Amino acid sequence: MADPKGFLTTPRREAPRRPVEERVRDWDEVYVPGGLLPIVGAQADRCMDCGIPFCHEACPLGNLIPEWNELVARDDWRAASERLHATNNFPEFTGRLCPAPCEAGCVLAINQPAVTIKNVEVAIADRAWDEGFVAARPPERLSGRTVAVIGSGPAGLAAAQQLTRAGHTVAVYERDDRVGGLLRYGIPSFKMEKRQLDRRVAQLVAEGVRFRTSVEIGRDLGADRLRARYDAVVVATGATAWRELDVLGRELAGVHQAMEYLPLANRVGEGDLAVSPLTAEGKHVVIVGGGDTGADCLGTAVRERAASVSQLDIYAQPGDVRDEEAEPWPTYPKLYRLSAAHEEAGELRTAPAADADARLFAASTLRFTGDADGHVRQVHLVEVDAGRRPRVGTERGLPADLVLIALGFHGPERRAGGLGDQLGLGIGERGGFARDAAFATEVPGVFVAGDAGRGQSLVVWAIAEGRAAAAAVDRWLTGSTRLPVPIGAHDRPMGV
Ligand SMILES: Cc1cc2nc3c(=O)[nH]c(=O)nc-3n(C[C@H](O)[C@H](O)[C@H](O)COP(=O)(O)OP(=O)(O)OC[C@H]3O[C@@H](n4cnc5c(N)ncnc54)[C@H](O)[C@@H]3O)c2cc1C
Ligand code: SF4
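Thresholds applied
Residues numbered from 1 in each chain as written. Chains lettered and ligands numbered in written order. Predicted model: local features only at pLDDT ≥ 70, side-chain atom pairs only at ≥ 80, totals over all residues. Heavy atoms only, no water. Helix = DSSP H or I, 4+ residues; strand = E, 2+ residues; numbered from the N terminus. Rg over C-alpha atoms; globule rule 2.2 N^0.38 Å. Contact = heavy atoms within 4.5 Å. Areas by Shrake-Rupley, 256 points an atom, 1.4 Å probe, with all protein chains shown as cover. Lys, Arg positive; Asp, Glu negative; His and termini not counted. Charge placed at Lys NZ, Arg CZ, Asp CG, Glu CD. Near = heavy atom within 4 Å. Core = buried A, V, L, I, M, F, W, Y, C linked by side-chain atoms within 4.5 Å. Buried < 20%, exposed > 50% of the residue type's maximum accessible area, 1.4 Å probe, protein only. Polar contact = N/O pair within 3.5 Å; in protein donor to acceptor, adjacent residues only side chain to side chain. Nonpolar A, V, L, I, M, F, W, Y, C, P; charged D, E, K, R; others polar. 1 Å grid on protein atoms, 1.4 Å probe; cavity = no way out; pocket = protein on both sides within 12 Å on 5 of 7 lines; lining within 4 Å. Points joined across faces, edges and corners; volume = space filled by probe spheres on them. Pairing = 2+ DSSP bridges. Axes fitted to C-alpha atoms, helices over the stretch in contact; angles between N-to-C directions. Phe/Tyr/Trp six-rings, centres within 6.5 Å; stacked < 30°, edge-to-face > 60°. Lys NZ or Arg CZ within 6 Å of the ring centre and 35° of its normal.

## Looking at the overall build of the protein
So, point 1. Secondary structure assignment for the protein yields 19 helices and 15 strands.
So, point 2. Relative to the globule expectation of 23 Å for 496 residues, the C-alpha radius of gyration of the protein, 23 Å, shows essentially globular dimensions.
So, point 3. Taken along the three principal axes of its C-alpha coordinates, the protein extends 70 × 60 × 45 Å.
So, point 4. Looking at the protein alone, contacts between residues at least 24 apart form 69% of all its contacts between residues at least 6 apart.
So, point 5. Put simply, the protein shows about 21,200 Å² of open surface, and 51% of that area lies on carbon and sulfur atoms.
So, point 6. With 58 positive and 68 negative side-chain charges, the protein shows a spacing of 3 Å between the two charge centroids.

## Observations concerning the site of ligand 2
So, point 1. Contacts to ligand 2 come from Cys59, Asn63, Ile65, Thr94, Cys98, Ala100, Pro101, Cys102, Ile117, Lys118, Glu121 and Val460.
So, point 2. Breaking the shell around ligand 2 down by element, the ones donating at least two residues are helix H8 (101–104) and helix H9 (117–131).
So, point 3. The leading source of residues in the shell around ligand 2 is H9, at 3 residues.

## Considering the nonpolar core
So, point 1. Among the nonpolar cores identified, the biggest contains 74 residues, and Trp68 and Val147 are the most heavily contacted of them.
So, point 2. Of the residues forming this core, the biggest block, 13 residues, is contributed by helix H19 (residues 459–478).
So, point 3. Residues within four places of Val147 in sequence aside, it is in contact with Leu163, His168, Thr169, Val170, Ala171, Tyr230, Ala232, Val234, Val473 and Leu477.
So, point 4. Formed by 23 residues, the second largest nonpolar core is a distinct cluster that contains Ala258, Leu278, Val285 and Val302.

## Here we look at the site of ligand 1
So, point 1. Taken together, 32 residues lie near ligand 1, and Leu97, Glu174, Lys191, Asp451 and Val459 sit nearest.
So, point 2. A distance of 3.3 Å separates an oxygen atom of ligand 1 from a polar backbone atom of Leu458.
So, point 3. Elements that contribute at least two residues to the shell around ligand 1 include exactly helix H10 (154–165), helix H15 (292–303) and H19.
So, point 4. Here the shell around ligand 1 is built from residues that sort into 15 nonpolar, 10 polar and 7 charged.

## Quick notes on the layout of surface pockets
So, point 1. Size it by volume and the second largest pocket reaches roughly 850 Å³.
So, point 2. Surrounding the second largest pocket, 32 residues form its lining, Arg137, Gln162, Arg165, Ala166 and Leu483 being those nearest its centre.
So, point 3. Breaking the lining of the second largest pocket down by element, the ones donating at least two residues are helix H6 (77–85), H10, helix H12 (194–207) and H19.
So, point 4. Within the lining of the second largest pocket, the residues separate by chemical class into 9 nonpolar, 13 polar and 10 charged.

## Let's talk about the sheet that holds strand E10 (residues 363–370)
So, point 1. The 3 strands are arranged E10-E11-E12 in an open sheet whose pairing can be described as antiparallel. Strands at the two margins of the open sheet, each flanked by one partner only, are E10 and strand E12 (396–399). Geometrically, the sheet is characterised by an average inter-axis angle of 30° between neighbouring strands, direction not taken into account.
So, point 2. Two elements, E10 and strand E11 (residues 376–383), share 7 bridges in a ladder whose sense is antiparallel. Bridging from a neighbouring strand, Gly370 pairs with Val376 of E11.

## Examining the packing of aromatic side chains
So, point 1. Taken as a whole and assessed by the stated rule, the structure comprises 6 aromatic pairs.
So, point 2. Ring geometry for Tyr173 versus Tyr230: centroids 6.1 Å apart, planes at 85°, classification edge-to-face. Of this pair, Tyr173 sits in strand E2 (residues 169–173) while Tyr230 is found in the loop between helix H13 (223–229) and strand E4 (232–235), placing the two residues 57 residues apart along the sequence. Like Tyr173, the residue Tyr230 is buried in the burial classification.
So, point 3. Arg267 extends its terminal NZ or CZ atom over the ring of Tyr185, reaching a point 4.1 Å from the ring centre.
So, point 4. Above the ring of Tyr315, the side-chain terminus of Lys334 is found at 5.2 Å from the ring centroid.

## Comments concerning the environment of Leu71
So, point 1. Positionally, Leu71 belongs in helix H5 (residues 65–73).
So, point 2. On the basis of relative accessibility, which here comes to 19%, the residue Leu71 falls in the buried class.
So, point 3. If we skip the residues at most four places from it in the chain, Leu71 touches Asp76, Ala79, Ala80 and Arg83.

## What about the sheet that holds E4?
So, point 1. Strand order across the open sheet formed by 5 strands is E3-E2-E1-E4-E15, with parallel pairing between neighbours. Strands with a single pairing partner mark the edges of an open sheet, and in this sheet they are strand E3 (210–212) and strand E15 (446–448). Here the average twist between neighbouring strands, direction ignored, is 20°.
So, point 2. Note that E4 and E15 share 3 bridges and pair parallel. Across the sheet, residue Val234 finds its bridge partner in E15, namely Phe447.
So, point 3. Strands in contact with H19 are strand E1 (146–150), E4 and E15; relative to E4, the strand with the most contacts, it is inclined by about 165°.

## A closer look at the environment of Leu8
So, point 1. Position of Leu8 relative to the elements: it lies in helix H1 (residues 6–9).
So, point 2. As a C-alpha pair, Leu8 and Gln112 span 104 residues in sequence and 9.5 Å in three-dimensional space.

Fair warning: the whole summary comes from geometry, so function is off the table for now.
Here you go:
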């Protein structure tokens, strides 16, 4: 704490976003390049060294937040980078994508706006890359043990990096043609540009990780062969089995799952396609589902120049301030949050009756209707009360040429005879592959990390679980481990 009164004299300021009218014309990140650096030192200095840092406890990775806040305030970026990388393999991912439960737990947040922890994190990570503090750290000696990681999302990448640094020879198998999981083909580049992912993958390669893309384990290569070839296996295949919306008209053309739509837009960005076959251009778009995946569809549809866009959320609009009774500090409260995508929706004329940010709260989808050619043309909805009972007389229709269902995911895919069956994996309480507190399944040498075990969750949890599972694998292979285990990686509930 360079200035002990920083929290009294400096107001919270967040990373500035580029003007909406500018950023909806491209796919670059929404923030002003370099906009954080002039303000971040004073923001880090708002950390009041409270003594019991609940922020550190609230972060699934156990990031050493007060330590790096102080180092940034003192302008010691190299040391800040070291402390940050001690607990987080990919801080430029979390600094951009994490919903920051740490900030909800910041002691300052009891009666003032929290320290901008996530902004400080991304500033350190970006500066570390710019200054050349991030380098490949290949192991000094090899253990002679081999590990296969199935899936190259943040959980698989974190596990692979940790195990490689521990000296094991690691191969990552990925069924997609590129590495990255949802960071590659789910999350749009205006939230995190793919170059962030690419340079980390290059770092992993330089450290010795081998990537095998376009190989689906359980289909292209049998799980039994993988087990025979490697000493241990980490299953990090994500939770990609999406929730359906079982209403009349679901079969109409133009009604798609969010994860059918978003990967195509990402493939345009990668240069694989000139135009997305599902582009929203010129269409009335209705997104069913009020979560972050829905918001990603919204930002994508705005950039594809949709004619209008609405996002339906079955829950009532949350309040602007924490409900101290129901969600007391330091829990992560459900609040009305205006994401960058919602800010951008004002650029479009949203569909009739939608709010300026394109959202319709307490809205339940009744059915879809279409034209004579079997193409969707209207979404019929009704307002609901807190018990999801329809309010009489509130039924209405929205024009829709493209409907995107963004209702979340059940858990990992369970194809009969597929990966789970071939490995003999059970299903746990949360719908993911069953594993114990040390991420081990009942099958010797097979471990599960990330959304595949946890169910649909967050990037920060995927990295935390990848790190923790790597420590468990290392111990299983060698009898002990020096790999760190993130605090709380075993016992926290889903979500934040
Ligand atoms: C649209 C969208 C936006 C999101 N936005 C955010 C956000 O802003 N912030 C946040 O914190 N979280 C966000 N999330 C959640 C976050 O992306 C996930 O929690 C995280 O990616 C999970 O990481 P993972 O490594 O467990 O799985 P994934 O990222 O899903 O990676 C799993 C990988 O395994 C591969 N795979 C599956 N089966 C096989 C097989 N049999 N053989 C080989 N490979 C296989 C898949 O192709 C995939 O690449 C978002 C999710 C979605 C869908
Ligand atoms: S990873 Fe998330 S919870 Fe942890 S310090 Fe960063 S923003 Fe906060």
